[in-house]
Amino acid sequence: NRRHLMKNLLSAILFLSILFTVGCDDDATDADTLVGTWGLTSATVVIHESESNPEETETYTPPEVSNTLVLADDGSYAENGTFDGDIATFSGTWSATGNVLTFVVTSGTEIDGTETWLNTYTLSGDVLTLVGEDEDDGVAETITLVYARQ
């Protein structure tokens, strides 16, 4: 189970860094504050097996995992990362309205066609935090991604 989790974490990080909802502090409503290059500083996965199984928490930090998210001022974005030797990339466009980010993913690892993802975010100074929920084979996961402006 741990090996399965580790093999899929990179994809989860890349997908979830875009897919998930988080809160936004009142200073982070302007899209210009998000423009830049963001480097992942930590990824934490909490697995909620079921009510009868205890939760499992795994935390990953560089160099075990890496992820760079580039939000350009022309509305394009690119993301790439590695986990356990596997490489994944995504690209497309992004926009922000208030505390909601919209990503239109036009190419990437495990992406067929175009996908649109909506998110909210928390931005505190030069730290961007994404928290999201996912379900993998019926098992709920909460993933927290913390990025630092580079």
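Residues numbered from 1 in each chain as written. Predicted model: local features only at pLDDT ≥ 70, side-chain atom pairs only at ≥ 80, totals over all residues. Heavy atoms only, no water.

Visitor: Can you explain the overall build of the protein? Please cite residues and give values.
Guide: Across its full length, the protein holds 1 helix and 10 strands. Each of the 150 residues in the protein was classed as buried or not, and the buried ones make up 40%. Contacts spanning at least 24 positions in sequence make up 54% of the contacts within the protein whose residues lie at least 6 apart. Element-wise, carbon and sulfur atoms account for 49% of the exposed surface of the protein, whose accessible area totals about 7,300 Å². (Helix = DSSP H or I, 4+ residues; strand = E, 2+ residues; numbered from the N terminus. Buried < 20%, exposed > 50% of the residue type's maximum accessible area, 1.4 Å probe, protein only. Contact = heavy atoms within 4.5 Å. Areas by Shrake-Rupley, 256 points an atom, 1.4 Å probe, with all protein chains shown as cover.)

Visitor: Could you give me a rundown of the side chain of Glu79, with the residues and numbers involved?
Guide: Note that Glu79 resides in strand 4 (residues 76-83). A polar atom in the side chain of Glu79 sits 3.2 Å from the side chain of Asn67. (Polar contact = N/O pair within 3.5 Å; in protein donor to acceptor, adjacent residues only side chain to side chain.)

Visitor: Requested: an account of the environment of Gly108, with residues and values cited.
Guide: Following the sequence through the fold, Gly108 ends up in strand 6 (residues 100-108). Here the alpha-carbon distance between Gly108 and Glu79, two residues 29 residues apart in the chain, equals 8.9 Å. Those residues in contact with Gly108, other than ones at most four positions away along the chain, are Thr89 and Phe90.

Visitor: Provide a residue-level description of the side chain of Ser42, including the pertinent values.
Guide: Note that Ser42 resides in strand 1 (residues 36-48). Judged by relative accessible area, Ser42 falls into the buried class, the value being 17%. Discounting residues that sit within four places of it in the chain, Ser42 has contacts with Tyr60, Thr61, Thr144, Leu145 and Val146.

Visitor: Describe the confidence of the model for the protein, listing the residues and the values that go with them.
Guide: Looking at the protein as a whole, the pLDDT averages 78, with 76% of positions reaching at least 70. Mean pLDDT per element in the protein: helix 1 (residues 2-19) is the minimum at 49, and strand 3 (residues 65-71) is the maximum at 94. Predicted confidence for residues 1-7 stays below pLDDT 50, and this span has 18 contacts to residues more than four positions away or in other chains. The low-confidence segment residues 17-29, where pLDDT is below 50, has 46 contacts with residues more than four positions distant or belonging to other chains. (pLDDT = per-residue confidence, 0-100.)

Visitor: Could you give an account of the environment of Asn67, naming the residues involved and the relevant values?
Guide: Here Asn67 shows up in strand 3. For the pair Asn67 and Gly81, spaced 14 residues apart in sequence, the C-alpha separation works out to 4.0 Å. Looking at Asn67, its side chain comes within polar contact range of the side chain of Tyr147, at 2.6 Å.

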